[in-house]
Amino acid sequence: MSTRRLTTAQALVAFLARQFTERDGRRHRLVAATWGIFGHGNVAGIGQALVEHATAPPPGTPPGPPVMPFLQGRNEQAMVHAAVGHARQSNRLSAHAVTTSIGPGATNLVTGAALATINRLPVLLLPGDTFATRPADPVLQQLEVPWAGDVSVNDTLRPVSAYFDRITRPEALVPAALAAMRVLSDPAATGAVTLALPQDVQAEAYDWPEEFFAERVWRVRRPRPDTAELDAAVRAVRAARRPLVVAGGGVHHSAAESTLDAFAAATGIPVASTQAGKGSLRYDHPADVGGIGHTGTSTANHLARTADLVLGVGTRYTDFTTASSTLFAHPGVRFVNLNITGFDAHKMAALPLVADAREGLEQLAGALTGHTVPAPYADEYARLRAGWDARVTAAYTPADENARPTQAQVLGVLDTLVTGDDILINAAGSLPGDLHRLWRTRSRDQYHVEYGYSCMGYEIPAAIGTALAAPGRPVWALVGDGTYLMNPTELVTAVQERVPIKVVVVQNHGYASIGGLSEAVGAERYGTAYRYRAPDTTYTGDPLPVDLAANAASLGMRVLRAHTVRDLREALADARAATVPTCVYVETETADTVSGAPASEAWWDVPVAETATRTSAVKAREEYDRHVAARRRHL
């Protein structure tokens, strides 16, 4: 058997450079690049291995090892966010790896890993680990656990990983690496995949079988539905008078948008979308009724309350989608769930249809040929759609071009500038609600809101990863001041790599979303404003003199300040045309009026104090008890 003598780290990088996915006849590099921050736990192992794969051999020379592109990050969590942005834009067919040192570098991965796994998006984590041979104990940054000698801080990644292994011997890399690729490329199992690499094992040499480095293609399957499950689903749809499709992220992951378009056009069934599924249909498709749930449209939520059948396609049914189990109120409502995982397909006591979203919709459409919803139902939701669109236009339209904009008007100005090429990225704060309710999505991948984990600080690094996966397209990171302050460091990476992301910083002097929630639950916006402390110890003084525009400029960004709606219109147009990383800074109206968007008319369960002395909390509890009474389990 032919072998090659390499270190464990060299073998791993050489292996990763030869892995591919294939779906629908198209191949993709499975691990397209590696992000890294080096420390003593990975610099001599993975770091050295990446150097050997950093450049292609000169023309005319014998072929060398495949290149593994390297990207230098500034924060470990942010590197995972960038990798996730790339994976989502790549329809989960391509991933990035992230390498860190031991200790804090490794534990900084946990939040990003949770985000990836919750959103079912592939990312390969390669944290350094403490010595497997234990020549000294403890070593720098080692966690000592008196009751277990084999535990390290990397074990914090176990519960947030779709696959975890610790490579304590070089030869153990072979089965672990193959298992890692299997999970990364499996649409029903993917998420964060962690291979913890003890720093001594990384640098240890071994005679590797040449077969380990052979090119491998991992075919991403499109499973078709079981015949009996399909028959049951078809009968349920045919029997329904008020059916509703809830489109989730699985529609995008399986590239089923055109199939859903045809299905909705043929059957007339209206389509509401979750945060992950928004854009499954264009906003102007006759069957698109907008976002559903707590941040959804009143149109979609009315249809959800009165639906007698809900066809979930690629959705996890989070509490925002179900309005904390109060939304689907029809006494006889039934669910059919088309999902690639049996786990999600059985939620809501549904008739399961375990299949790829595109394959399942095609099979359903074929079996429902000639079936359409009753004409009065189609007329009803068409009227509601038109009414909601008028409310969006009103929220978008400023009364005075020379006034400071509301947050909704910021989106309205952007709405006039973008085309289907633009990609909008957001994750946390008050913006996800406004975007879900208001944004007029023009293409299948324009709307990129991470709301499975809703992680502050996701937007800027994810924009970089997305732009790397979609070169030449305008990519916008929409961030509030709270989110910006969480994680602005990757602006430096955008500047260094010359990735022309467009960052819109909306300054509203605090946590606007949580401030509104705080008021609703009787906590009186306490501790949610970015203001000086007042004599009564609350943060109700003047706004802090924080200049986020100056901060962005100090990190190398080109910065445009907008004081009015008119300024904003010019600045956003300038930013869209820019070929360098550009930041648009705009101060909106105060937190009380930051949004300006119409209400979704759907509840979200955040428990309110059962006993309190302050009037605000007492009233909030009364309102809470009223909503709780409407909650139901679908059994």
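Scroll up a little and you will see the structure.
What this report covers is the structure whose coordinates are included nearby. The model shown is predicted, which means the values in this text are computed figures rather than measured ones. (Residues numbered from 1 in each chain as written. Predicted model: local features only at pLDDT ≥ 70, side-chain atom pairs only at ≥ 80, totals over all residues. Heavy atoms only, no water.)

Quick look at the environment of Ala629
And step 1. Structurally, the position occupied by Ala629 is in the segment after helix H24 (615-628).
And step 2. Spatially, the C-alpha atom of Ala629 lies 36 Å from that of His253, the residues being 376 residues apart in sequence. (Helix = DSSP H or I, 4+ residues; strand = E, 2+ residues; numbered from the N terminus.)

Examining the packing of aromatic side chains
And step 1. In total, this model carries 12 aromatic pairs according to the counting rule given.
And step 2. Ring plane angle 15° and centroid distance 5.3 Å describe the contact between Phe38 and Phe70, whose orientation is recorded as stacked. Of the two residues, Phe38 is situated in the loop between strand E4 (31-36) and helix H2 (43-52) and Phe70 in strand E5 (residues 70-72); the sequence distance between them amounts to 32 residues.
And step 3. For Phe38, a relative accessible area of 37% puts it in the partly exposed group.
And step 4. Among the aromatic residues, ring-to-ring pairing joins Phe15, Tyr206, Trp208, Phe212 and Phe213 into one connected group.
And step 5. Its guanidinium or amino end placed over the ring of Phe213, Arg4 lies 4.4 Å from that ring's centre, counting from NZ or CZ.
And step 6. If you follow Lys278 out to its NZ or CZ, it ends over the ring of Tyr447, 5.5 Å from the centre. (Phe/Tyr/Trp six-rings, centres within 6.5 Å; stacked < 30°, edge-to-face > 60°. Buried < 20%, exposed > 50% of the residue type's maximum accessible area, 1.4 Å probe, protein only. Lys NZ or Arg CZ within 6 Å of the ring centre and 35° of its normal.)

A word on the pattern of salt bridges
And step 1. Per the counting criterion, the structure on display carries 34 salt bridges.
And step 2. For Arg576, the salt bridge identified is with Asp422, shortest N-O distance 2.7 Å. Of this pair, Arg576 sits in helix H23 (residues 565-577) while Asp422 sits in the loop between helix H16 (407-415) and strand E18 (423-426), and the two are 154 residues apart along the sequence.
And step 3. Judged by its relative accessible area of 25%, Arg576 is partly exposed.
And step 4. Bridged by salt links that share partners, the residues Asp24, Arg222, Arg224, Asp356, Arg358 and Glu359 form one connected network. (Salt bridge = Lys/Arg side-chain N within 4 Å of Asp/Glu carboxyl O.)

What about the nonpolar core?
And step 1. Grouped together as the largest cluster of nonpolar side chains are 50 residues, with contacts concentrated most on Leu244, Leu260, Phe263 and Ile292.
And step 2. Here this core takes 5 residues from helix H8 (residues 227-239), the largest share from any one element.
And step 3. Those residues in contact with Leu260 that lie beyond four places of it in its chain are Val245, Ala247, Val251, Val271, Ser280, Leu281 and Leu361.
And step 4. Within the second largest apolar cluster, 49 residues are counted, among which are Ala113, Val160, Ala463 and Tyr585. (Core = buried A, V, L, I, M, F, W, Y, C linked by side-chain atoms within 4.5 Å. Contact = heavy atoms within 4.5 Å.)

So, the packing of helix H1 (residues 8-16) against H2
And step 1. Where H1 contacts H2, the axes come no closer than 8 Å and their chain directions differ by 50°. Between H1 and H2, the crossing angle belongs to the class labelled oblique. The two elements H1 and H2 cross, and the hand of that crossing is right-handed. Residues Ala9, Gln10, Leu12 and Val13 of H1 form the contact with H2, whose participating residues are Gly45, Ile46, Gln48, Ala49, Leu50 and Glu52.
And step 2. Looking at side-chain class alone, the contact of H1 with H2 contains 6 nonpolar, 3 polar and 1 charged residues. (Axes fitted to C-alpha atoms, helices over the stretch in contact; angles between N-to-C directions. Parallel < 35°, antiparallel > 145°, perpendicular 65-115°, else oblique. Left-handed = near helix turned anticlockwise from the far one by under 90°. Nonpolar A, V, L, I, M, F, W, Y, C, P; charged D, E, K, R; others polar.)

Quick word on the sheet that holds strand E8 (residues 163-166)
Sheet strands pair by backbone hydrogen bonding; their relative direction is either parallel or antiparallel.
And step 1. Read from one edge to the other, the open sheet built from 6 strands follows the order E5-E4-E6-E7-E9-E8, with strand pairing classed as parallel. Where the open sheet ends on each side, the last strands, each with one partner, are E5 and E8. Sheet twist, expressed as the mean angle between neighbouring strand axes with direction ignored, is 20°.
And step 2. Bridge count between E4 and strand E6 (residues 95-100): 5 bridges; the pairing is parallel. Opposite Trp35, over in E6, you have Val98 as the bridge partner.
And step 3. Contacting E4, E6 and strand E7 (123-129), helix H3 (residues 76-89) crosses the sheet at an angle of about 170° to E6. (Pairing = 2+ DSSP bridges.)

Considering the environment of Glu211
And step 1. Tracing the backbone through its elements, the reader meets Glu211 in the loop between strand E10 (205-209) and strand E11 (216-219).
And step 2. In this structure the C-alpha to C-alpha distance between Glu211 and Ala236, which are 25 residues apart in sequence, comes to 51 Å.
And step 3. Those residues in contact with Glu211 that sit more than four places away from it in its chain are Met1, Ser2 and Arg216.

Re the packing of H16 against helix H17 (residues 431-438)
And step 1. Remark: H16 packs on H17, axes separated minimally by 10 Å, with the N-to-C direction vectors making an angle of 50°. By the angle between their directions, the pair H16 and H17 is classed as oblique. Regarding H16 and H17, the two cross each other, and that crossing is right-handed. On H17, the residues touching Gln407, Ala408 and Leu411 of H16 are Leu431, Asp434, Leu435 and Leu438.
And step 2. Residue composition of the contact of H16 with H17, by class: 5 nonpolar, 1 polar and 1 charged.

Here we look at helix H18 (residues 459-469)
And step 1. Taking burial as the measure, the 11 residues of H18 include 9 buried ones, the bulk of the element.
And step 2. Buried residues of H18: Glu459, Ile460, Pro461, Ala462, Ala463, Ile464, Gly465, Thr466 and Ala467, and no others.

Some details on the state of the cysteines
And step 1. All chains considered together, the criterion is met by 0 disulfides.
And step 2. In this model Cys583 remains outside any disulfide bridge; the closest cysteine sulfur is found in Cys455, 20 Å from its own. (Disulfide = S-S within 2.5 Å.)

Points about helix H21 (residues 512-520)
And step 1. Among all positions in H21, only Ala512, Gly515 and Ser518 are buried. Down the axis of H21, the buried set is contained in an arc of 120°. They therefore lie on one face.
And step 2. Positive phi shows up at Gly522, right after H21, with a value of about 85°. (Arc of directions from axis to C-beta.)

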